[in-house]
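# Breakdown of the fold
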Amino acid sequence: MESLEIAQRTAQREWTVDGIPVLTAELNLPQPVGEGRGLRRLCRYYEQFGRSYLRYCERFLFPQAAEAYRDALCASAPLPACTASLTHRITWNEGGVLSLFTDSCESCGTRPLRVRRGDTWDLSSFLPVSLADCFPPRCNYRKRVQEHAAGCIERQLTAQTSVYREDWRRALRRGFNRENFYLSGEGLCVFYQMFVLAPPMEGIPVFCLPYDKEGPFSHPRRG
């Protein structure tokens, strides 16, 4: 299978206190179209992902939103508008590989907190593709990724286009997560979560390594 037809699965939930909405959550996740055990398994994966996120909203975010609502009432302050969303973006869907990322975003009267997750799938087996699969065997891909990211950061700092923590070099090593990547037309994109490398105003730093014959590969080679 070279590519997948992807529809969208959307949902919305609202939680109230005294009949007043205090938290609204929205979902927009991929829904593969077609038949076959692998496709059904992929569909169940994102269905479960969506259900888990709504449970998280109910168990953790709703109590916080309810407390913020009651605090605002007591202080005669404007009522907070708390929201949560889980959205996706497909970044690669060809050559037998599907890659995408999901962003969850929470906001309750403060700067939004965004958390990103990358998913890359081998469409021949419907199994996850690892970061190591995108590089030659025995390649020190961790070192290569971090050296590329360091070069990008140095250029951005020189051009004064971005702001990073003073200890960004150490954070680059300690905050590296081999799960945090996806494929795109630009290259293999490795990202760091908010706060890890930079202040929150910089969002989620992304560093894309161009594809070449020595890796990273645009079509991951497994085994």
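One can find the structure itself at the top, above this paragraph.
Small disclaimer: the values here were computed from a predicted structure and weren't measured.

### Describing the side chain of serine 184
Relative to the assigned elements, serine 184 resides in the loop between strand 7 (181-183) and strand 8 (188-191). Dropping the residues within four chain positions of it, serine 184 is found in contact with Thr91, Trp92, Cys189 and Tyr211.

### Observations regarding helix 1 (residues 37-74)
The first and last C-alpha atoms of helix 1 sit 54 Å apart over 38 residues, in line with the 56 Å expected at 1.5 Å per residue. Two residues or fewer past helix 1, serine 76 is found with a positive phi of approximately 55°.

### Focus: the environment of phenylalanine 217
Tracing the sequence through the fold places phenylalanine 217 in the segment after strand 9 (206-209). Note on phenylalanine 217: relative accessible area 7%, which makes it buried. Distance from phenylalanine 217 to phenylalanine 135, taken between C-alpha atoms, is 6.4 Å for residues 82 residues apart in sequence. When near neighbours in sequence (up to four residues on either side) are disregarded, phenylalanine 217 contacts Asp133, Cys134, Phe135, Pro136, Tyr211 and Asp212.

### Quick notes on unusual backbone geometry
Across residues other than glycine, the phi torsion is negative in most instances, and most of the peptide bonds are trans. The amide bond that connects glycine 215 to the next residue, proline 216, takes the cis arrangement and shows omega of 5°. With respect to the helices, strands and loops of the structure, proline 216 is situated in the segment after strand 9. Its identity is not glycine, yet serine 76 carries a phi of approximately 55°, on the positive side. In this structure, serine 76 sits in the loop between helix 1 and strand 3 (82-94). At glutamine 160, a position not held by glycine, the phi torsion is positive, near 60°. Its place among the elements puts glutamine 160 in the loop between helix 2 (141-159) and helix 3 (168-174).

### A few points about a positive patch on the surface
Together, Arg37, Arg40, Arg41 and Arg44 give the surface a local cluster of positive charge. Inspection of the secondary structure assignment puts arginine 40 in helix 1. With a relative accessible area of 42%, arginine 40 lands in the partly exposed category.

### Quick look at the sheet that holds strand 7
The three strands lie next to each other as 7-8-9, forming an open sheet whose pairing is antiparallel. The open sheet is flanked by strand 7 and strand 9, the only strands paired with a single partner. On average, adjacent strands in this sheet sit at an angle of 25° to one another, irrespective of strand direction. Relative to strand 9, strand 8 runs antiparallel, the two being bridged by four bridges.

Conventions and cut-offs
- Residues numbered from 1 in each chain as written.
- Predicted model: local features only at pLDDT ≥ 70, side-chain atom pairs only at ≥ 80, totals over all residues.
- Heavy atoms only, no water.
- Helix = DSSP H or I, 4+ residues; strand = E, 2+ residues; numbered from the N terminus.
- Contact = heavy atoms within 4.5 Å.
- Expected span 1.5 Å × (residues − 1).
- Buried < 20%, exposed > 50% of the residue type's maximum accessible area, 1.4 Å probe, protein only.
- Patch = residues over 30% accessible without salt bridge, like charges linked within 9 Å, V, L, I, M, F, W, Y side chains within 5 Å.
- Areas by Shrake-Rupley, 256 points an atom, 1.4 Å probe, with all protein chains shown as cover.
- Salt bridge = Lys/Arg side-chain N within 4 Å of Asp/Glu carboxyl O.
- Lys, Arg positive; Asp, Glu negative; His and termini not counted.
- Charge placed at Lys NZ, Arg CZ, Asp CG, Glu CD.
- Pairing = 2+ DSSP bridges.
- Axes fitted to C-alpha atoms, helices over the stretch in contact; angles between N-to-C directions.

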